[in-house]
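Listed below, chain by chain, are the residues.
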Amino acid sequence: AQSVTQPDIHITVSEGASLELRCNYSYGATPYLFWYVQSPGQGLQLLLKYFSGDTLVQGIKGFEAEFKRSQSSFNLRKPSVHWSDAAEYFCAVVRNTGTASKLTFGTGTRLQVTL
Amino acid sequence: NAGVTQTPKFQVLKTGQSMTLQCAQDMNHNSMYWYRQDPGMGLRLIYYSASEGTTDKGEVPNGYNVSRLNKREFSLRLESAAPSQTSVYFCASKDRLGEAYEQYFGPGTRLTVT
């Protein structure tokens, strides 16, 4: 069965520092991978997605992610974190059932940014 | 263009009461989804509708029913609420059946069952 693992439940970084959030997936075929961000009390917003082509994908808000098939990983990065990046981040993989594609989410990583 | 809207934003129910959570999208999307979010568990799929007129169970369908009223609206009903259904509920929609198309999420409904 397809699954997504986010090993870090909570991460704290200083404003201006670099950030890497880890995501590992288990999927038999070429995966379609997503990173979503959820600000407190809000819904989920798509940061970026990967489904083919260049393994380094750029997203909104200065985020990027790199797909590494050999490591089954899709880690999210940002060179310099801003206080407004404090939120919860979810990695997800699509499961294609033939009638509709469904997302399987990781359990999330909560990012705290210190000033 | 409001995207995906959900009502109500907050609700408190007593055990055994029923209620319907409403979801509507104005993006002419074919597929719609209901998720619940619980601390430390991410989002789990309750039900989905691949297209108007069809609905299917997700990972955690027990205790819920859904109706795809038309292409825009997809409601989630709790017939007899239980404390285990205390959660934040999200509705989402997607344009096509293809995997590459992202899901757009509503702002959520926070439900407490006492």
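Just so you know, these numbers come straight off a predicted model, no measurement behind them. (Residues numbered from 1 in each chain as written. Chains lettered and ligands numbered in written order. Predicted model: local features only at pLDDT ≥ 70, side-chain atom pairs only at ≥ 80, totals over all residues. Heavy atoms only, no water.)

**Points about the packing of aromatic side chains**
No. 1: Taken as a whole and judged by the stated rule, the model has 15 aromatic pairs over all chains.
No. 2: Pairing A:F63 with A:Y89 gives two aromatic rings, centres 5.6 Å apart and planes at 50 degrees, and the pair type is tilted. Note that A:F63 is positioned in the loop between β7 (56-58) and β8 (64-68) and A:Y89 in strand β10 (residues 87-96), a separation of 26 residues in sequence.
No. 3: Overall, the relative accessible area of 1% leaves A:F63 in the buried class.
No. 4: Given the relative accessible area of 1%, A:Y89 is considered buried.
No. 5: Each residue in the set A:F34, A:Y36, A:F90, A:F105, B:Y33, B:Y35, B:Y48 and B:F105 is aromatic and connected to the rest through ring pairs, giving one cluster. (Phe/Tyr/Trp six-rings, centres within 6.5 Å; stacked < 30°, edge-to-face > 60°. Helix = DSSP H or I, 4+ residues; strand = E, 2+ residues; numbered from the N terminus. Buried < 20%, exposed > 50% of the residue type's maximum accessible area, 1.4 Å probe, protein only.)

**Things to note about the pattern of salt bridges**
No. 1: Under the counting rule described, the total for this entry stands at eight salt bridges over all chains.
No. 2: With its nearest N and O atoms 3.2 Å apart, the salt bridge here joins A:E64 to A:R77. You can see A:E64 sitting in strand β8 and its partner A:R77 sitting in strand β9 (residues 73-78), a full 13 residues away along the chain.
No. 3: On the accessibility criterion, A:R77 (22% relative accessible area) is partly exposed.
No. 4: Close ionic contact of B:R77 with B:E79 constitutes a salt bridge, the shortest N to O distance being 3.2 Å.
No. 5: When its relative accessible area of 29% is taken as the criterion, B:R77 is described as partly exposed. (Salt bridge = Lys/Arg side-chain N within 4 Å of Asp/Glu carboxyl O.)

**Notes on the pairing of strand β5 (residues 43-49) of chain B**
All names here are of chain B.
No. 1: The buried fraction of β5 amounts to seven of the seven residues, a majority that puts the element mostly inside the structure.
No. 2: In this structure, strand β4 (residues 31-37) lies alongside β5, joined through six bridges in antiparallel fashion. Directly across from M32, in β5, lies its bridge partner S49.
No. 3: Joining the antiparallel neighbours β4 and β5 is a turn of five residues, in which G40 adopts a positive phi near 75 degrees.
No. 4: Sheet topology note: the β5/strand β6 (residues 56-57) ladder contains two bridges and is antiparallel. Within β6, the residue paired with Y47 across the bridge is K57.
No. 5: What sits between β5 and β6 in their antiparallel hairpin is a turn of six residues, with G53 showing a positive phi close to 95 degrees. (Pairing = 2+ DSSP bridges.)

**With respect to the environment of B:P83**
Residue and element names in this part refer to chain B.
No. 1: With respect to the secondary-structure elements, P83 resides in the loop between β8 (74-78) and β9 (87-94).
No. 2: For the pair formed by P83 and T15, sequence separation is 68 residues and the distance between their alpha carbons is 6.6 Å.
No. 3: Beyond its immediate sequence surroundings of up to four residues, P83 is in contact with T15 and V113. (Contact = heavy atoms within 4.5 Å.)

**A word on the interface of chain A and chain B**
No. 1: Chain A puts 24 residues into the contact, and the matching count from chain B is 23 residues.
No. 2: For the chain A and chain B pair, buried surface summed over both sides reaches about 1,900 Å², with 55% attributable to carbon and sulfur atoms.
No. 3: Of all residues in chain A, the largest losses of buried area upon contact with chain B belong to A:S101, A:K102 and A:F105, amounting jointly to 23% of the total for that side.
No. 4: Counting the contacts that link chain A with chain B gives zero salt bridges.
No. 5: Here chain A is connected to chain B by two residue pairs in polar contact (both at pLDDT 80 or more).
No. 6: Contributions of two or more residues to the side of chain A that touches chain B are made by β5 (33-38), β6 (44-50), β10 and β11 (101-105) of chain A. (Buried area = accessible area lost by both parts, 1.4 Å probe. Polar contact = N/O pair within 3.5 Å; in protein donor to acceptor, adjacent residues only side chain to side chain.)

Just distances and angles here, no functional claims.
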